[in-house]
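Summary of the model geometry
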Amino acid sequence: MTSRSARIVVAGASMAGLRAAEQLRAAGWTEAITLVGDEPHMPYNRPPLSKEVLAGKAAFESLSFRPRASVADVQWRLGTKVVAARLAQNIVEFDDGEAFSYDGLVVATGMRPRRLRCPGPLAGRHTVRTIDDAQGLRQALTRPGTRVVVVGGGFIGCEVAATAVALGAREVTVVDPLPLPMVGPLGELLARALLKRHEERGVRFALGTGVTGFTGDDHVTGVALADGTVLPADVVVESVGSVANTEWLDGNGLDLSDGVPTDEHLRVGGRSDVVAVGDVARFPNARYDGVPRRVEHWCIPTDTAKHAAKTLVAHLTGASHDLSPFAPLPTFWSDQHDFRLQSFGAPVLGKEDVRVLEGDLDGDVVVGYHVGGRLAGVVALGGQAAAAAASRYRAELLKQPALTA
Amino acid sequence: MKVVVDMNKCQDHGQCVFAAPDVFSMDDSGHLAYVSDPDDALRDEVEEAADVCPLQAIRIED
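Everything numeric here is computed off the predicted structure, so don't read it as measured data.

Notes on the overall build of chain A
Helix and strand counts for chain A come out as 9 helices and 26 strands. Here the C-alpha atoms of chain A give a radius of gyration of 22 Å, agreeing with the 22 Å that 2.2 N^0.38 yields for 405 residues. Looking at chain A as a whole, 46% of its 405 residues qualify as buried.

Here it is in structure tokens:
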């Protein structure tokens, strides 16, 4: 092999990959960077895919990220998929057959939508993850008289349901085996308030029952439920969670049962030359109980990229780093109809002790989630005033000492 | 440094205010206000603010 300059390969060219490349530069990496991603598009912002873009209020072109000037010289391998890795030999393999050696590797391959496996036709069934998905769904939703069934009452499902109602769909029904929408991340108190708000705005619900199949020959005509009913449907949206894109890492002795496990500095498999970023990374958060978890919030690609880039560059350049263990304060939002959910901290850890901190559940409200009597997360529901009120708790959440298991 | 916010995109999430409180703020009605020509010493925090904007509405023009 001829001598070559050092190179970091970023597997995944979506938001997390872009942020990783930018943060590698910010951390002082001046040598080569190659980003490899299976989508043909440059990195783009996904949250509007279920909202503004689906509603036709924003153009698809408006989603593109503006990469920092510092990454103008990186190599982009778009439309190319990483299909295998031999971490012990510092080699990744692409779907075009090329084997590519690296000095440092950033795992940023993200997630793909989980699909329902029950019987029935595929045509008419949509997911919302990529620009191509959203374009197809928008076309289907804007046909007159459309009946929509959304399978999965999580954030994305409820956002899509709200957008479909706004687009004038004839019927929009959300199906979920759980008794309330968004109850997993938010707990019963807010989930009940959200159910009411959605119903008042025209979304129907079939809760506490699962999907057993789809009716129709070539194209879906209905959704069969476990309780025996069949909901007529022209469009089905499957928003039933996601699956980590980790198959390419098989054979390296990693536990890939739920994303890619990392240590407290986002390193993978005990190796200093491999880090993971974005929603594929299963990392311990030193702010909480130290249990490794994947976190599918929009803030996580940026937060993980910053920390992982410092870790990796310090190793590759032989510099020491004095980073504290990774301890981001998670935040997420969801826009549905005319209201917004805004969260700071980790409400999911405090679902056993939920209290209304400000306002009331029929208007603007801020709800606190507690662990051992201490505030672990806040969620605001309502308008701008509620979100602003929630943000006043952010400083308190940042100051909290770590929750121990 | 020159900072431009696309106010057609901005939805008052306020994440920029946490990242760069010297440059971005929320006025009394909960809408974004910002300094369009902040000192260059604030570049790191303005870059961070641009990164964390959910609508990607913040642009830094040198």
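Concerning the confidence of the model for chain B
On average, chain B scores 94 in pLDDT, and the residues at 70 or more come to 100%. Here strand β4 (residues 58–61) of chain B stands out as the least confident element of chain B, with mean pLDDT 94; strand β1 (residues 2–5) of chain B is the most confident, with 97.

With respect to the sheet that holds strand β5 (residues 91–94) of chain A
Residues and elements named next belong to chain A. Across the sheet, which stays open at both edges, the 3 strands sit in the order β4-β5-β6 with antiparallel pairing between neighbours. Pairing within the sheet leaves two strands with one partner each, and these edge strands are β4 (82–86) and β6 (99–101). On average, adjacent strands in this sheet sit at an angle of 25° to one another, irrespective of strand direction. Sheet analysis places β5 next to β6, joined by 3 bridges and oriented antiparallel. Bridge pairing in β6 places V92 opposite F100.

Points about the domain arrangement of chain A
Along its sequence, chain A is organised into domain 1 (7–112 + 243–317), domain 2 (115–240) and domain 3 (338–399). For domain 1 of chain A versus domain 3 of chain A, the distance between C-alpha centres works out to 30 Å.

Section: the sheet that holds strand β24 (residues 354–359) of chain A
Either a parallel or an antiparallel arrangement is found when strands of a sheet pair, and the pairing is made through backbone hydrogen bonds. Residue and element names in this part refer to chain A. With respect to topology, 5 strands assemble into an open sheet ordered β22-β23-β26-β25-β24, the strand pairing being antiparallel. The two strands at the open ends of the sheet, each matched to only one other strand, are β22 (331–336) and β24. Put simply, the sheet's adjacent strands are angled 20° from each other on average, direction ignored. For β24 and strand β25 (residues 365–371), the ladder comprises 5 bridges, and the chain directions are antiparallel. When the bridges of β25 are listed, E358 appears paired with V366.

Some words on helix α6 (residues 188–200) of chain A
Residues and elements named next belong to chain A. Its 13 residues give α6 an end-to-end C-alpha distance of 18 Å, which sits within 8% of 18 Å, the value for a rise of 1.5 Å per residue. Here α6 has its buried residues at L190, A193, L194, L195, R197 and H198. For α6, the elements touching its buried residues are α4 (155–166), α5 (183–186), β12 (204–207), β23 (339–345), β25 and β26 (374–382). Immediately beyond the C-terminal end of α6, within one or two residues, lies G202, with a positive phi of roughly 100°.

Quick look at the nonpolar core
Residues and elements named next belong to chain A. V148 and V223 are the most contacted members of the largest nonpolar core, which has 62 residues in total. Take this core: its biggest share by element is 7 residues, from α4. Excluding its chain neighbours within four sequence positions, the residues that come into contact with V148 are L141, A164, A169, E171, V172, A233, V235 and V237. If you look at the next biggest cluster of nonpolar residues, it comprises 46 residues, including L35, L105, L249 and V260.

Calculation rules
- Residues numbered from 1 in each chain as written.
- Chains lettered and ligands numbered in written order.
- Predicted model: local features only at pLDDT ≥ 70, side-chain atom pairs only at ≥ 80, totals over all residues.
- Helix = DSSP H or I, 4+ residues; strand = E, 2+ residues; numbered from the N terminus.
- Rg over C-alpha atoms; globule rule 2.2 N^0.38 Å.
- Buried ≥ 20, exposed ≤ 12 C-beta atoms within 10 Å, placed from the backbone.
- pLDDT = per-residue confidence, 0-100.
- Pairing = 2+ DSSP bridges.
- Axes fitted to C-alpha atoms, helices over the stretch in contact; angles between N-to-C directions.
- Domains from an automatic or database assignment.
- Expected span 1.5 Å × (residues − 1).
- Contact = placed C-beta atoms within 7 Å.
- Core = buried A, V, L, I, M, F, W, Y, C linked by C-beta atoms within 7 Å.

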